[in-house]
Amino acid sequence: MRYGLLDREDLSSAIKTMSKENLDELCAEIREFLLEHVSKTGGHLASNLGVVELTVALHRCFDSAEDRLIFDVGHQCYTHKLLTGRREGFDALRQFGGMSGFLKPEESPHDACITGHASGSVSVALGMAHARTLQHKNYSVVAIIGDGALTGGMAYEALNSAGGSREPLIVVLNDNNMSIDKNVGAMSRHLSRLRVRPHYLQMKKDVKTALGHIPGGEGAVNLISRSKRAVKSVVLPSPMFEEMGFTYLGPVDGHDVLSMCQLFQSAKEMNKPVLIHVMTRKGKGYSYAEQKPEKYHGVSKFDVDTGLPLKKSAPNFSAVFGAELVKLAQENPKICAVTAAMPSGTGLSSFSKRYPDRFFDVGIAEEHAVAMSAGMAKQGMRPVCALYSTFLQRSYDQLIHDVAIDHIPLVLAIDRAGIVGEDGATHNGVFDVGFLRQIPGMTLLAPASFAELRSMLRRAVAHLSGPIALRYPRGGEGAYTDDCSEGTDACLREGTDVVLVSYGIMINQTLEAANILEKNGVFSAVVKLNDLTADFSAELLQRIADCGRVAVVEDVVHAGSIGQALAETLAQSGIATHWIRLCNTGDTFAPQGAVSQIYEYYHLDGNGIAATCLEAMQHEKETGRPSV
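Rules of the game
- Residues numbered from 1 in each chain as written.
- Predicted model: local features only at pLDDT ≥ 70, side-chain atom pairs only at ≥ 80, totals over all residues.
- Heavy atoms only, no water.
- Helix = DSSP H or I, 4+ residues; strand = E, 2+ residues; numbered from the N terminus.
- Rg over C-alpha atoms; globule rule 2.2 N^0.38 Å.
- Buried < 20%, exposed > 50% of the residue type's maximum accessible area, 1.4 Å probe, protein only.
- Contact = heavy atoms within 4.5 Å.
- Areas by Shrake-Rupley, 256 points an atom, 1.4 Å probe, with all protein chains shown as cover.
- Pairing = 2+ DSSP bridges.
- Axes fitted to C-alpha atoms, helices over the stretch in contact; angles between N-to-C directions.
- Phe/Tyr/Trp six-rings, centres within 6.5 Å; stacked < 30°, edge-to-face > 60°.
- Lys NZ or Arg CZ within 6 Å of the ring centre and 35° of its normal.
- Parallel < 35°, antiparallel > 145°, perpendicular 65-115°, else oblique.
- Right-handed = clockwise from strand over helix to strand, strands pointing away.
- Expected span 1.5 Å × (residues − 1).
- Left-handed = near helix turned anticlockwise from the far one by under 90°.
- Nonpolar A, V, L, I, M, F, W, Y, C, P; charged D, E, K, R; others polar.

> Give me the lowdown on the overall build of the chain, citing residues and values where you can.
For the chain, the count of helices and strands is 25 helices and 18 strands. Relative to the compact-globule value of 25 Å for 628 residues, the chain shows a C-alpha radius of gyration of 28 Å, a close match. In terms of overall dimensions, the chain has C-alpha extents of about 95 × 60 × 50 Å along its principal axes. In the chain, which comprises 628 residues, the share counted as buried stands at 55%. Long-range contacts, defined here as pairs at least 24 residues apart, represent 75% of the contacts in the chain between residues at least 6 apart. Surface summary for the chain: the accessible area is close to 27,000 Å², and the carbon and sulfur share equals 52%.

> Tell me about the environment of Thr-488, and please be specific about residues and values.
Within the element layout of this structure, Thr-488 appears in the loop between strand E13 (468–471) and strand E14 (489–493). Its relative accessible area of 28% is what places Thr-488 among the partly exposed residues. Counting along the chain gives 46 residues from Thr-488 to Ala-534, while the straight-line C-alpha distance between them is 6.8 Å. With residues near it in sequence (within four places) discarded, Thr-488 still touches Leu-529, Asn-530, Asp-531, Ala-534 and Asp-535.

> Tell me what's going on with the sheet that holds strand E6 (residues 273–279), and back it up with residues and numbers.
If you walk across this open sheet you meet the five strands as E2-E3-E4-E6-E5, and the pairing is parallel. The outermost strands of the open sheet, each flanked by one partner alone, are strand E2 (68–71) and strand E5 (247–253). Neighbour to neighbour, the strand axes of the sheet diverge by 20 degrees on average, direction disregarded. Where helix H7 (residues 153–165) meets the sheet, it contacts strand E3 (141–146), strand E4 (169–175) and E6, and its direction lies at approximately 135 degrees from that of E6. The strands that helix H12 (residues 257–270) touches are E4, E5 and E6; relative to E5, the one it contacts most, it runs at about 170 degrees.

> Lay out the packing of aromatic side chains in plain terms, naming residues and giving numbers.
Scanning all chains against the criterion turns up 18 aromatic pairs. Pairing Tyr-388 with Phe-391 gives two aromatic rings, centres 5.7 Å apart and planes at 15 degrees, and the pair type is stacked. Here Tyr-388 falls in the buried class, since its relative accessible area comes to 11%. Each member of the aromatic cluster is reached from another via a ring pair, and the members are Tyr-3, Phe-33, Tyr-78 and Phe-90. Lying across the ring of Phe-62, Lys-268 places its NZ or CZ 4.8 Å from the centre.

> Give me the lowdown on the side chain of His-427, citing residues and values where you can.
For His-427, the position within the fold is in the loop between strand E11 (411–415) and helix H19 (432–437). Setting aside anything within four residues of it in sequence, one finds His-427 in contact with Phe-102, Gly-116, Thr-390, Phe-391 and Val-420.

> Account for the sheet that holds strand E17 (residues 549–553), naming residues and giving values.
With mixed pairing, the five strands of this open sheet are ordered in space as E14-E16-E15-E17-E18. The open sheet has two edge strands, E14 and strand E18 (579–583), and neither has a second partner. Sheet twist, expressed as the average angle between the axes of neighbouring strands with direction ignored, equals 20 degrees. Where E17 and E18 come together, five bridges link them in parallel fashion. The residue bridging Val-552 from the neighbouring strand is Leu-582, located in E18.

> Outline the packing of helix H16 (residues 366–378) against helix H18 (residues 396–404), supporting the account with residue identities and numerical values.
Across the interface, H16 lies against H18 with an axial gap of 9 Å and an inter-helix angle of 10 degrees. Classed by the angle they form, the pair H16 and H18 counts as roughly parallel. Listed contacts from H18 to Glu-367, Val-370, Ala-371 and Ala-374 of H16 are Gln-398, Leu-399, Asp-402 and Val-403.

> Give me the pairing of E11: which residues, what numbers.
Among the five residues in E11, five count as buried, and that is most of the element. Here strand E10 (residues 382–388) pairs with E11 via five bridges, running parallel. In the sheet register, Val-384 faces E11, and the bridge partner there is Val-411. Inspection of the sheet shows E11 paired to E13 by four bridges, in the parallel sense. Counterpart to Ile-414 in the pairing with E13 is Arg-471.

> Could you give an account of unusual backbone geometry, naming the residues involved and the relevant values?
What you tend to see is this: most non-glycine residues have negative phi, and most peptide bonds are trans. In this structure, Pro-251 follows Gly-250 across a cis peptide bond, with omega equal to 0 degrees. Within the fold, Pro-251 resides in strand E5. With a phi close to 80 degrees, Ser-119 is a non-glycine residue in the positive phi region. Note on Ser-119: relative accessible area 0%, which makes it buried. The residue His-603 is not glycine, and still its phi comes out positive at about 60 degrees. Take His-603: it is sitting in the loop between helix H24 (595–601) and helix H25 (606–623).

> Can you explain the pairing of strand E16 (residues 524–529)? Please cite residues and give values.
Across the six residues of E16, six count as buried, placing the element largely inside the fold. As paired strands, E14 and E16 are joined by four bridges and run antiparallel to one another. When the sheet's bridge partners are listed, Asp-489 is paired in E16 with Leu-529. Of the strand pairs in this sheet, strand E15 (residues 498–503) and E16 are connected by six bridges, and their pairing is parallel. Bridging across to E16, Val-499 finds its partner in Ala-525. At this point the chain moves from E15, through helix H21 (residues 507–519), to the parallel E16, and the crossover so formed is right-handed.

> Before we move on, could you go through H25 and cite the residues and values that matter?
Given a rise of 1.5 Å per residue, 18 residues ought to cover 26 Å, and the 26 Å separating the end C-alpha atoms of H25 matches this to within 8%. Every buried residue belonging to H25 is among Gly-606, Gly-608, Ile-609, Ala-610, Thr-612, Cys-613, Ala-616, Met-617 and Glu-620, and all of these are buried. Elements in contact with the buried residues of H25: E15, H21, E17 and E18. Positive backbone phi, at 70 degrees, marks Gly-624, one or two positions downstream of H25.

> Account for the environment of Leu-308, naming residues and giving values.
Among the secondary structure elements, Leu-308 is positioned in the loop between strand E7 (298–299) and helix H14 (317–331). Spatially, the C-alpha atoms of Leu-308 and His-558 are 40 Å apart, while their sequence positions differ by 250 residues. If near-sequence neighbours (up to four positions away) are discounted, Leu-308 is found in contact with Phe-302 and Asp-303.

> Tell me about the packing of H14 against helix H20 (residues 450–461), residues and numbers included.
In the contact formed by H14 and H20, the axes pass within 10 Å of each other and the chain directions differ by 40 degrees. The pairing of H14 with H20 is recorded here as oblique in orientation. Viewed along their axes, H14 and H20 form a crossing whose handedness is right-handed. Residue-level contacts link Phe-317, Val-320, Phe-321, Glu-324, Leu-325, Lys-327, Leu-328 and Glu-331 of H14 to Phe-450, Leu-453, Arg-454, Leu-457, Arg-458 and Val-461 of H20. Partitioned by chemical class, the residues of the contact of H14 with H20 number nine nonpolar, no polar and five charged.

Structure, rendered in structure tokens:
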């Protein structure tokens, strides 16, 4: 599709001198472009539609090749990528081998740093600002952070440090949800416009200069400053940021490019920490997304005209978890649900409506979620804390300090465990098995089907001898739909040539591999682990001892994997093997792409697992030597 202004080859430079009419036209074209492409690939829609003018204003006032623009989370960077020469990349947005949906420095020098998780932008920006000052360089550093990310404590740690440092730094608060009283808001906008008008700023400089050259002038300057702060503390909704050491500007209309540019230019001249409060509307320009921004936050392929997904959604582990927890809460009034800004993503929307007094969304604050849950459990409640695996990483200290040491019976529901797909390295849940198995007293269960999730959740809620976690993937179940959740493990298939060990959703690929091996004359036993923290059963060890060949299939990194633990146990037990193969994601960060593509990339699909085993058997046949 052809566009007008968006097709200009000199767009990055032309944007700096465009008229208001052209800027408005450009923003409309960008929204049309985003709708056209995201509807075909899927991606983050509402957030990107909401920051079009904001991003255009940033690129009008700053040079992203030299200045550092750090988008918190980064999922709202599509316009930034479009304006930095990556238009063609949108054809493969978030696809395997294609353009990332987040900031990615290896993709472009215009991406200041890697992003994916919330609340860290100000910290990174402050570090860059310190580096600039120490290296005697001259460029701007801007952190763009949403009001949602300000629910994370790390953001306040950084704001506190940045304000105290007096380091020149601009923080843009993208506020698309916070309500401001009309009277106070109108006064705030009025005073903001007055304070940042160029002639006002120049007048302020002239007054300070003039007073500085007369006897007693310094005292007059201090008096004026104190009076100004007193007035601002009454009429401006910004005392917290001001007390932290920031100069607060705004609120400003986040869909008015020139108004934002006026504030950005003023902030650059101030040479100190400045926070600019920008008001935007999530989903701007697309009625369906404006009306239901949460629904259109992350979308699959959809019809632009109707707003409906092209593929009907199927049952998934998150929904099954949420429905079962509602049933359990009906039976047990002590059960509570806790999540960190992910009620719909973790399947807890129904619970929140059914039991609002027992539902707690703490915002993007996983550390707080776990510690608060520990307090609830300590006082006799039964909290179930539902977090994505990748975000659970942030609460590692709380899991040890506030939960495990005191044997707190907290239930962790770990959603998005394993490979999550298109969001890539920052969102894959491939570390939880390693770091949870390190924690003394932790129990980690791995349901492989909806039925097993229901059974294991009931078991977890009744578990009172310490923390217990369940890890399950994004999406639905596979061909395996049975419930063999009793006991430490379960043998799903008999065989004497090789033992295939796996758990969770990977049991489907493992069973597929067993079928392929059988067609090649190799008969394999398939053992599904239920409890990933329990000692390996005597039955499993005996099976391995009898055939001497074992492959362990997992959707996690190599270090800290179950395969490593099993290999260690076999060595310590003196069980000799012909070969051991550990099939996992290795020591790399898994790329983006469809889950099936990532499985194939790491040889974790049925064909890949079978090929690994056949190659090991061929090596054994040719050399007669054991191998790992």
